[in-house]
Structures are given as structure tokens and as C-alpha cells.
Protein chains: 4
Amino acid sequence: MSSNWGNQIKISIFGESHGTAIGVVIDGLPAGEPIDFDLLLAFMDRRRPGQNRFSTPRKETDHPHILSGFYQGRTTGTPLAIVIRNGDTHSTDYAQMASIARPAHADYTGYLRYHGAQDSRGGGHFSGRLTAPLVAAGGIAMQILAHRGVQIGGHIASIGEIDDIPFDPVTLSTDTLLSPGKKDFPVQNDHAGEKMQQLIENCRINQDSVGGVVECAAIGFPAGIGSPMFDGLENRLASLLFGIPAVKGLEFGAGFHSSRCLGSQMNDPFCLENRKIRTKSNHHGGILGGISSGMPILLRVAFKPTPSISRVQDTVNFQTMEPAQLSIQGRHDPCIVPRAVPCVEASAALALLDAWMEKTE
Amino acid sequence: MSSNWGNQIKISIFGESHGTAIGVVIDGLPAGEPIDFDLLLAFMDRRRPGQNRFSTPRKETDHPHILSGFYQGRTTGTPLAIVIRNGDTHSTDYAQMASIARPAHADYTGYLRYHGAQDSRGGGHFSGRLTAPLVAAGGIAMQILAHRGVQIGGHIASIGEIDDIPFDPVTLSTDTLLSPGKKDFPVQNDHAGEKMQQLIENCRINQDSVGGVVECAAIGFPAGIGSPMFDGLENRLASLLFGIPAVKGLEFGAGFHSSRCLGSQMNDPFCLENRKIRTKSNHHGGILGGISSGMPILLRVAFKPTPSISRVQDTVNFQTMEPAQLSIQGRHDPCIVPRAVPCVEASAALALLDAWMEKTE
Amino acid sequence: MSSNWGNQIKISIFGESHGTAIGVVIDGLPAGEPIDFDLLLAFMDRRRPGQNRFSTPRKETDHPHILSGFYQGRTTGTPLAIVIRNGDTHSTDYAQMASIARPAHADYTGYLRYHGAQDSRGGGHFSGRLTAPLVAAGGIAMQILAHRGVQIGGHIASIGEIDDIPFDPVTLSTDTLLSPGKKDFPVQNDHAGEKMQQLIENCRINQDSVGGVVECAAIGFPAGIGSPMFDGLENRLASLLFGIPAVKGLEFGAGFHSSRCLGSQMNDPFCLENRKIRTKSNHHGGILGGISSGMPILLRVAFKPTPSISRVQDTVNFQTMEPAQLSIQGRHDPCIVPRAVPCVEASAALALLDAWMEKTE
Amino acid sequence: MSSNWGNQIKISIFGESHGTAIGVVIDGLPAGEPIDFDLLLAFMDRRRPGQNRFSTPRKETDHPHILSGFYQGRTTGTPLAIVIRNGDTHSTDYAQMASIARPAHADYTGYLRYHGAQDSRGGGHFSGRLTAPLVAAGGIAMQILAHRGVQIGGHIASIGEIDDIPFDPVTLSTDTLLSPGKKDFPVQNDHAGEKMQQLIENCRINQDSVGGVVECAAIGFPAGIGSPMFDGLENRLASLLFGIPAVKGLEFGAGFHSSRCLGSQMNDPFCLENRKIRTKSNHHGGILGGISSGMPILLRVAFKPTPSISRVQDTVNFQTMEPAQLSIQGRHDPCIVPRAVPCVEASAALALLDAWMEKTE
């Protein structure tokens, strides 16, 4: 039951990397919301493989076919189903996966979980390709939020040891927020971006890969949305974000840094600005007690290095229970972080819309 | 609907800091599990306030009254309800909270969310006191896991800038895992522990507070449990852990550190050991594709500094919409991290048992 | 996980017939709703045992202790917990139940389900006594609905072969709707009521029992609430109503009767009345496509005869796997239908409020 | 969120009658289950329109395209998605529906619920056509149950006032159970079947329609599966069955009849037969306390007459708020009950498999 998510906006994602198609059914969308299909395609393009030298050469048009829930240019309010055909699959690349565990991949754990019946080609349902329907669903959520004045954007906060400039948690403007997403390489500081790209290219040459961090923010989200305990905004965001493959960490506001600080440093004083309540600093990341404070919502997501590297690795054959060696041949990103930015934005949009659609009076 | 959690093991937590009682209903527990009540009390004592100089002087016996679901020393399989009476409440301490927002607390966001009808005394339902029933439920889950050979333990990984020795993610033994929990101050390295205690004491003297990190691990959890995407072990753990007040970050295995590394460093080679599949290193933290690998499960949770500090802070009165100043007088922990260790362990136990109770064949 | 219910209003019911206490946690209630405690007690009294000659002589004060979620006379919006102490338990009455299956009871199926660990005293968690917290929760939902102009009422439609006058599905007024609930014996036609009471008394004398039907209606519920397919009003109502012990059938509007009719008889023509859309007849029972039409919502619930009868019955000992005979001695209602009326009303209130709390724009 | 259902087996149904396609995503299926595609097609054919004179002349091949979750002839355990293209749509038939409420249809309530944004062509998401993916999902569940020794079958219990012979609730054999489903007209007594067909034909001639009852049973379902209160077998079955359009009633075992009887008549004595526990009669319909007893599970579902009749009907235009008249022209079944039989069987299969997949130890 793992591919369902949501309280008010329910998504059900399906598909395997090398199957016929992947897709998503979204139930609970508000009715009558216009969806700009070109905008959706442009958003999905930011995640699409085969676009530049930083990503896998696998070519996919990734065209989302809307089968239902969309009529006369607007959401109907009933389930909206999207199907994305798989095109450029090379399943012979993956023949050995049925028995040789790629390190840091889910081949072995998936084999145990599904008793060998899983579709292991290209990672099957565990593949990063399954983020395409997630991004499609999130792209729709993002448009609906935009109708309500909420903007969501992200950038690469770091690749390896190279850091971009972080978002300013207090003064963040819509322009600044959305600017990285309009670039080929989504950073704030293009100089850092060039160094990141050089690092990724070096990893490719060295048959290696590298991880990174995505920072994402939402502005315009009204104060007072969310709930204490287990359906707080952090919990909802986390339950979705950890569904993106390779995510190993998540923090809100000052996050892990706040654990090393004093209360007098981290407490954000409330203040009045144009008769609205704000905080002078924003270490809390726009969420207090699981509920939005009206300040920008800020989170950072840590991605491990792509586990698919073509150098020889030690492993085991879990069918014969013998040691084995493996050199992964397929087409892989030496760094998935650039393409992960829209995945994080999409997840944020779905989680925030889900919380917003909860009726509280 | 925020105080419900779980797929197979459902918990429903209720109560407010200064109300009559707090408690939890746990549905879906396996039937016939003996529960050692003394062990449960001892586990809850590790969270209980008023025990030593590191925590709030509020005294609570925190005795869990089991009202149902427990018969002849064993779980019945039907809902197990626990009620904990509130004793030592000083509500006059909090009178101003109904209108003056304590910085970094949920007074203001809770006011918006519940339109002023919430019980704001002592933080009400947002209070850290609500972790008492969470720990009670988790303590029961922990015993049931122990019957199945799974041990869960945690320690303070850091307070402010002072670090404890981390758990070894590969060789971690039951003794090492459970040792910190038996100490008054749950660390591996007592020398570091003394420095942490000194730092906390300094914070108290300075009317300040400090944050920290809790590391938690599970060993003996079988490989093959969990699911891809949104009901993976990380997602389940995250959705519960972010329900503990003051949590601002979460990472699994090498976590944020892995984002700065290369694939060749982070990929954990599989190997055979006594005819069992293991990994030589454990940067993945025992979870691959949302499913357990059989290696120790490792996570770290970042806690912000306790927001309640008694020095004067700037804020606003959200009823009159005027600037205000606040000096929090109540009884507060200058550092909640020591008492947070069992909260993290309890959450881990609930999430792992929940995943285990999912039938997959 | 069976004792949890609800999408927006979540209830978690706990307890056993002869345990310490029974109760319910209600999460998701709107905040700031005044609750009239006397009205709640009066409603619960209609279900309470030991009140008259038609019901079990077991005496229970059934006082609901509200532990949380209720502050200064209003709901807080956070979980509202209610505990009802068990008083007058005679567990020796039930000693044999641990191994001798009472016909038409859940002793044997419960034994299989919980592997013998269940609390079998008085039926344990399967007992009709568990409807007390259901009625408490429903009584609160009913008051919240009343604040919004919705009235819910019920009556005994039949006991055995004796029928009361049904509600008029088109002209039903608030007075007519609520009138039976104010009587000791909740019928419309007191003459039929007397015959029913005589039948029940005859059953008691003959060590037998008898079934019946409860009819329930809601008026004032706005048109347009509910959803197609699986969260329609019928589905929600059904999923709750079949949780009342002894319910064996449920129908809406013309129900089973409509299956024997023609479309030209059953189709309800729409019409305009004071510029509002209504239907001339109401065979659809106020629900079309899972969504309220604005007409009175009507349902009927069939209750089997109380299975507890004191005459000798053939059965088996499921522990020794031998034939056995049984004469049930405890204190039992020869007909539970009179006390079931508020249970049905309570369930209807919860299901309708749950649907209403779903945000659709 | 209404088109999602299930605890362990989650289905998410999408589509509109005259949209591009309809379909279903099924999550939580056990892995490694072979699916016989021809058997699935044959089962779906029993529901398919355009097959004989009893049903709408709309022709649909209704071929289910499996997009995921099925690999090398077996379920993978990850989500199984099915898409069924819509072919023979005549949307001009329905142009007026956007404003003229067809009596006993959801045009008006759907308009209110979705604020006019719904796809109203052919009833849109409210259409009986949405039972095609339900039957596809249920057909798969049925095959998985058959692998475990459970057989599910149904027949027309009545059309109008004409009754078929009911299933014998005690002695029901696999042959008897499955026999009606192999006939063109699924009854036990073909003589009654002929009279039913004559009645349906008369309704067609008279521009009218007629309702009926479907009886469904499961045999071989093991004792001890299900749960008390809200996830009992009855609740699960009901929450799904009321999702089939036109269902107005549901009963289990002796159902409404039991409400008119005495306990001494309705209590089913337990007995031993070949060292297995059974009951001598089966008025309880195989379910006690929400849990299976090992006896055949029996239920009956009441269908109202098809609301689409071509004679002139009074109604309103809900956009102009004026009286209107309507003569429904499209292609409609004068009786949907024959095609509803596999819908009921499919729902029963899904609900029983869902309960079975709940791990209880």
C-alpha cells in the first residue's frame, strides 16, 4: 500500500521503470481549477532525463496524458488520472539485477519484500523514474496553490562540498524564489553552479557520482494551516519527501544547525509589520507546532550520491548466495540533484495543498 | 485529525498539558503479547519530568492506567487504552499565553488554527507533555519487538557543540545499544556527557536553553520489511518523529553527510557473513528503497533549543495586535534532549512494529 | 484496527464489557462548539441499560468523563476523550464463555481472531456495551449538527411483525422527527408501541428474544454534501452502522422495496418549491450519487433478535472440540431495538458531520 | 477522495463515462500471484454492455490494458494499473444534462458538489460505467482468493416481484455457487429467469425500467478473519457495495427477515462436523462480530430500477431554476440487475481479500 499518499488530496502512483507506462491518479482536487498544460509540461521538463550533460542519456518525452478528471480546461473535482508512456527502455542493461544486488540500490531488499516477483528491470517500481508522475501531480498542485497566491521554488543548495547561497528566510521574494527554476542549472549563484557542474563532470569521467542538497521554500502560504502532532506540515512534507529515491535527510528552518545553538539565538521574536504578525528572524522555517506561521516555509533535503556508478563494485548474488562483482552499465546521472529540484518542489506543493484542503471550521 | 497515526498499529493521542488527563488508544496490537508493566514504567521514567537537575521541576508520577486491551497480563488484540492523570499543574503560570505569543512556541499558530478555542494552558495539546502517552505506546511496541528479537536504543549524539561518540553502524551490539539508556545521562562517552551537563547547567544559569541531536538504532530487525515510495520505513519513521515537539531535522544512515560525498564512498558493498547477506559499511542506515536490509537501522533527530527561556523576549499580543514583551516564568527544561531520547526510541519502535505488522504474502 | 472510523472526524473506541472502563477519542471536531452536557447525558440515557422492563437489569450510570478537548464549555478542536467507567459487572456470569460458544455471538470467531487472548467476559470488546461511547461521540456530533440546523431523529419501525407508522419522507417536520425520542418507548404510534412492549414481555417470559427495525432520518442537511463511489453518504453511514452489534441489514429511502418496483414508480420528479429545488416524492432517501439532495435523509436498520436467551441451546466447546449445551444466565435485553434507536441516530450524526467537514472548495 | 477504497488492498478508480478512458490502480496485492487474463476477460464480459437484449446497446470492448504491477504472468506486489479506453460514446445524447436534472440521477447533486465543473456527459464519474474497473479489480481479487480455496458467486435473487431460488446457506456447493455465472442470464431457476426476462422486455416496450436483488456468496473463506466494530466484514463489504450505482439496500444472512423473528429461530446452533466447527443453520450469513465463522458468507444487495427511462418526466432546470420536462434518449438498460451480478461478486472479492491481507499475529 506504499504508493498511496494523502489525506485530502490522495495520490496513487503506479508503474515500473521499464514497464508499459507510469502514472498517477489524484483524487480530491478542488473542482473548477484551470490547469495550464504548457506550464505543466515546462515544469515536468525540469525533471526530464536526457536534456543535458548532467543527466542520464535516456531519452523520454515524458508526455503526461490526462485520462480523466479534466474537462473543458478545468479540474472536475473527480479523480484526475495521468499516464506517461515509457519509451526508451533498454532492459538488457539490467538482466543481471534479478540476482546481483547493486550496492545502495533496492534490488536485494525488493527481492525479499516481493519474494522475487517484482519487476526488477531498471529498478522497477523503485526507480527514480517514478518521480515523473509525482512531478506531474505536484505541478498541478503548484498551479492550484498559485491561484491562491502561494509560490513554491527551489534550488541546489550544495553539490558535494560546493555550496550555493541559501535563500534568505525572512526577505525571500517571489522573483528570487522562482529565479533558479528558470535556469538550466538551478542555483542562485551561477559561479557556484559552474563549479558544481565541473564537479559532476569530473564524477562522470571518474565513473563516480556525487550527492547534494536541495533547498525549497514556499511563500504566500497563509498562517494557521496544519495541525499538531502527526499531521503537522513537517510530518506531511516528510512522509512525501522521503518517497523520493536517494533522500537521506530532511530539515526545516535552521534544522540540524539549530541543535547546536542556544534558545536565545534560535527563538524568532514576533513583530508587527504593516499590521501583520511576522517574525524578525525565521529559524523556525515558517512552521510552529505543525502549523504555518505566515513566514516563508523553508526546508532542505539531502540526497545521497547516485548509487549507479560504472566502476567495479563488490557485491553478492542473492539467489546463489555467492560473492559477485558488478559494473553497472546502463545510463545514469552522475548527480541526480539538479533533476531532484522539481521533485522536491512538487512534493512540497502536494503536502501544502493537502493541508490547505483540510476544513477546520 | 492530527493526533492519529499508523497503518497497522493505530495510535490516537489525546490530552492537554494542564487538562484532566492525557493518554493514548492503541489499536491493532498483536494479541497475546505479555507486557511487563515494571519495564514499561522504567522506560517511561526516562522521559518523566522532575527527576534531576537537567529537567523541569514539574513533578509528575506519570503513572499509566491501562483501561482496556490488556487482560491476564497479555494484550487482547483489541484497543489498548492508557490514561495518565495530570497532577502538578500551575496554570496561572500561563495566563498570558492566551494572547501573548511565546517566541518559537505554537501559541500564535494554535490560536489561528483553532480560532481561539484551544486550551492554551501550558501549550495545551501542543505541549511536550503529550510525549508521555507516545512513550507509553512506544514502550509497549518496544516490548513486542523485543519478543521478536529486535532491540531499540538511543543516546544523546550532541548537545550544542559537544558530541558523543556515534554508534558504530556495522558492529553495533545489543549491549552497546542499550547501555546509554541505563545511565542517568544517556551518552556513550561519560566524559562528553559531563561536559554536556555543564553546558546545560550554564544555560540554566544564563536563563537560556540549548538544542541537541538524538541518535537511535534498531538491531535485529529482519531484512525485507517496509515498502517503496510513501510507506517506506523512512516515511513512517519521519511521519511520527516530526510529531515530537522541537524536532527540526531527521536523517538516516550517513544522512546529510552523504550529500557531500561520492558514490564510491557511500555505496555499501554487499558481502556474505556466515551465509547471511550483510553490507561491509552501513551508510544506508539499514534501509534501501524504504525496506530494511538487515543491517542496523540508524537515524538522528535534531532538536532545537527549548523555546521556553526566562529572559525577556520581544513578541506581540495577537489579540490586541500590539508589541509586547515576555519573560516566561514556568518550570522548563534548559535542554529537553536527555528526556527526548526515549521519545525517539518509542517512535522508532512504533514505526517499525507498524511496518512489521503489514502482511505481505 | 477495527475500532477506528472516520475521514474528517476520527473516532477511536476502546474498552471491554467487564473491563475497567470504555471510551472514545474523537479527533477532528470543529473548534469552539459549545456542548450542552445535560443534553448529552439525556441522549446517552436513552441507550443506558437498567432503565425499564424492556432492558437488561444491569445498572450503569454511564457517566461520560471528558478528559480532554473540551475547555471553557467548548470544543478545543484537539482530540476530545471520553471515559465511561464500568460499574455493575458480574463476570462470573460469563466464565464458561472462554470455551463454550454462545450461538449467534462472537465468542468463537473472537477466539479465532485473537488466538484466545481476547477478554471474553461479557463479550469483551464485541459487547453491545461498546455502543455507549459511540452514542457519546454521536451525541456530540448531533449537537454540532444542530448548531448548523440539522436535526436527527429515529423511532422503532418494527418489533417482530408489529410495525410503527413510518416517517413521511417528504413532509417530515422537526417536531415529528424528534417526538419519538422524547417518549419512554420511541415510536410514532403508541398503540403499536404497546403491542411491541407486550411482545417483548412475552419473549422475556418465554426465555426468548425478538428483533426489529430502526428508522432514522435527518432533516436540514444541505444539498451537495457527500461524494460519488466509496465515500458517498450511504457508504459512510453503512461503514459505521454495521459496527453496531446485531445489525444485519441497512436500506436507504425505498430500499429493498424499490427493487420490486418500476422506474416510473421510483423516480422522484424534481420540482421547485419557494424557489428551492426539491423532489415530489422521496424514494431516493435524500441521497443521489452519494451526495445529499436536500430532501430528508432516510434509512432503516435491521436488528436480529438478541442472541442471549436463557433457554438451553446446543453448541460446542471450541477448546475441547466437543458438543456442549448452554443456558445463558446473565442479564439481557429480550429486545435491544428500543435502546438501539439512539445508537442509530448517533451513527447517522457522526457520518453526516464527517461528510460535512470535508472541504470541497 | 471518494474513489479510493481499502485498508490492505487499496483501489483508486478514475474516469468518466464519456472521457478518454476509465481505470483503476490496485495497491497492496500480494506478490507472485498468477493472473489468468482470459478468465479476467470472461469475468468482465459478464458486466459488459451491448451483449444481449437485456442491456444497453452501447458497444464497448472493455479491454483492460494492464500498465504496471504485472510481470511475467504474475503480480509484482507493486501497484497494478488497468486502463480501459472508452469507445462508443455519443455525447450529444447528454447535452441537456448540464442543466436539466434527470430524476433519480446525480446530475443535480453532482452539480452542487463540484460547483458545475464536473464532466456531466453520460453521468461522468457517477456513471455505472465506472463499475468496469471495479469488476476488473475484483476479478483479480477473485483469482487470488481462488488460489487460496475461496470461491465467490452470485445470481439474480429477484427482478421486480419475480424471485429466483435462494442459495442454501448451509449446503451451498462450489458447483451450485458458480453455476449461475456461467449462464447468459444468471439465475438458479431458469423458469424464473425466463419470466424475469419477459418482465424486462415489457419494461423496455413500456419505456420503463425495473429493479431487483442480487444474492452473492463466498465459500471456503476461513473462519477467524475480520474484526469487531468498524472494520468487520460487513462494514468493509458495505463500504464497497454502496459504491455501485443504484444500490439502495444490503443485508447479510437472514437480514431484514431476522428482524421479524425470535432469537430461538435465528440463533444458529454450533455443531461439529468431521471435527470442524460449523453451525446447523446459517442465519448469521457466515459473519459473527464482524469475523468469518467458516460458514458460507451470504449477502443480498437491492438495486433500484434504472432511473434512465425514455418516457417524459417532470423535473427542473437547475441553472435557470425553472420547471422542465425530460425524455431521456440515450441507450439504457431497462434493468441493470443482470449486469450487476459480477459487480457484486467483484466487490465481495475485494472486501474479503482486503480483510484476509490484514496480518493478525
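Thresholds, definitions, all that
- Sequence order as written defines residue numbering, which begins from 1 separately in each chain.
- Chains carry letters from A onward and ligands carry numbers from 1 onward, assigned in written order.
- Side-chain atom pairs in this predicted model are given and counted only at pLDDT of 80 or more, local residue features only at pLDDT of at least 70, and totals for whole chains, interfaces and linings cover all residues.
- The side-chain numbers reported here are obtained from all heavy atoms of the structure, hydrogens and water having been left aside.
- Helix and strand assignments follow DSSP, with helices taken as H or I runs no shorter than four residues and strands as E runs no shorter than two, numbered in order from the N terminus.
- Computation of the radius of gyration draws on C-alpha atoms, with the globule rule given as 2.2 Å multiplied by the number of residues to the power 0.38.
- Summary of the burial criterion: residues with accessible area below 20% of their type's maximum are buried, those above 50% are exposed, and those between are partly exposed, where the area comes from a 1.4 Å probe applied to protein chains only.
- We call two residues contacting when some pair of their heavy atoms lies within 4.5 Å.
- Under the convention used here, a 1.4 Å probe and the Shrake-Rupley method define accessible areas, while residue burial counts only the protein chains that appear.
- Note that His is not counted, nor are the chain ends; the positive residues are Lys and Arg, and the negative ones are Asp and Glu.
- A single reference atom marks each charge: NZ on Lys, CZ on Arg, CG on Asp, CD on Glu.
- For two strands to be treated as a pair, DSSP must find no fewer than two bridges joining them.
- Per residue, pLDDT measures the predictor's confidence, with a range of 0 to 100.
- Each pair of aromatic rings taken from Phe, Tyr and Trp, with Trp reduced to its six-membered ring, is defined by centres within 6.5 Å and is described as stacked if the planes are under 30 degrees apart, edge-to-face if over 60, and tilted in the remaining cases.
- Distance and angle both matter: a charge sits over a ring if NZ of Lys or CZ of Arg is within 6 Å of the ring centre and within 35 degrees of the ring normal.
- In short, buried area is how much 1.4 Å probe accessible area vanishes from two parts on joining, totalled over both.
- Take a side-chain nitrogen of Lys or Arg and a carboxyl oxygen of Asp or Glu: if they are within 4 Å of each other, that pair is a salt bridge.
- Least squares is the method for superposing the copies, and the C-alpha atoms it fits come from residues with pLDDT of at least 70 in both.

## Focus on the overall build of chain A
Here is step 1: Counting secondary structure elements, chain A contains 9 helices and 18 strands.
Here is step 2: Against the compact-globule benchmark of 21 Å for 361 residues, chain A has a radius of gyration of 21 Å, which places it among compact chains.
Here is step 3: Summarising its shape, the C-alpha atoms of chain A cover approximately 70 × 50 × 35 Å along the three principal directions.
Here is step 4: Scored against the burial criterion, the 361 residues of chain A give a buried share of 68%.
Here is step 5: Pairs at least 24 apart in sequence give 73% of the contacts found in chain A among residues at least 6 apart.
Here is step 6: For chain A, the accessible surface area stands at approximately 10,900 Å², while carbon and sulfur atoms represent 49% of it.
Here is step 7: Charge-centre separation for chain A: the mean point of 31 positive side chains lies 2 Å from the mean point of 35 negative side chains.

## Details of the sheet that holds strand β2 (residues 10–15) of chain D
Remark on secondary structure: sheet strands pair via backbone hydrogen bonds, oriented parallel or antiparallel.
All names here are of chain D.
Here is step 1: Strand order in this open sheet of 5 strands is β1-β2-β3-β7-β4, and the pairing throughout is antiparallel. Each edge of the open sheet carries a strand with a single partner, namely β1 (4–5) and β4 (64–68).
Here is step 2: Summarising the sheet, β2 and strand β3 (residues 21–27) pair through 6 bridges and their orientation is antiparallel. Looking at β3, one finds that Ile11 is bridged to Ile26.

## What to know about the confidence of the model for chain A
Here is step 1: In this model, chain A carries a mean pLDDT of 94, and residues with pLDDT of at least 70 account for 93%.
Here is step 2: Interface confidence for the predicted complex, expressed as ipTM, amounts to 0.96; the pTM equals 0.96.

## Concerning the sheet that holds strand β4 (residues 64–68) of chain C
Residues and elements named next belong to chain C.
Here is step 1: With antiparallel pairing, 5 strands are arranged side by side in an open sheet as β1-β2-β3-β7-β4. Edge positions in the sheet fall to β1 (4–5) and β4, since each of these pairs with one other strand and no more.
Here is step 2: Looking at chain direction, β1 and strand β2 (residues 10–15) are connected through 2 bridges and run antiparallel. Bridge pairing links Asn4 to Ser12 in β2.

## Things to note about the packing of aromatic side chains
Here is step 1: Enumeration over the complete set of coordinates arrives at 26 aromatic pairs over all chains.
Here is step 2: Measuring from ring centre to ring centre gives 5.3 Å for Phe242 of chain C and Phe252 of chain D, while their planes differ by 85°; the resulting arrangement is edge-to-face. In this pair, Phe242 of chain C is assigned in the loop between α6 (233–241) and β11 (247–252) and Phe252 of chain D in strand β11 (residues 247–252), connecting two distinct chains. Phe252 of chain D matches Phe242 of chain C in its accessibility class, with the two residues each being buried.
Here is step 3: A centroid spacing of 5.9 Å and a plane angle of 45° characterise the contact between Tyr108 of chain D and Phe318 of chain D, whose relative ring orientation is tilted. Taken as a pair, Tyr108 of chain D in helix α2 (residues 107–113) and Phe318 of chain D in the loop between β17 (313–317) and β18 (322–326) lie far apart in primary sequence, 210 residues in all.
Here is step 4: Assessed through its relative accessible area of 9%, Tyr108 of chain D is described here as buried.
Here is step 5: For the cation-ring pair, Arg148 of chain C lies above Trp356 of chain C, with the distance from its terminal atom to the ring centre recorded as 6.0 Å.

## Regarding the interface of chain A and chain B
Here is step 1: Between chain A and chain B, the contact holds 104 residues from the first and 104 residues from the second.
Here is step 2: Buried area between chain A and chain B, summed over both chains or domains, comes out near 8,100 Å², and the portion from carbon and sulfur atoms is 63%.
Here is step 3: The three residues of chain A that bury the most area against chain B are Phe230, Lys248 and Arg260 of chain A, which together make up 10% of that side's buried surface.
Here is step 4: Scanning the region where chain A abuts chain B turns up 10 salt bridges.
Here is step 5: The shortest N-O distance in the salt bridge between Lys248 of chain B and Glu234 of chain A comes to 3.7 Å.

## Side note on the relation of the copies chain A and chain B
Here is step 1: Mapping chain A onto chain B leaves a residual RMSD of 0.0 Å; the transformation is a rotation of 180° accompanied by 0.0 Å of translation along its axis. Both chain copies can therefore be described as sitting about a two-fold axis.

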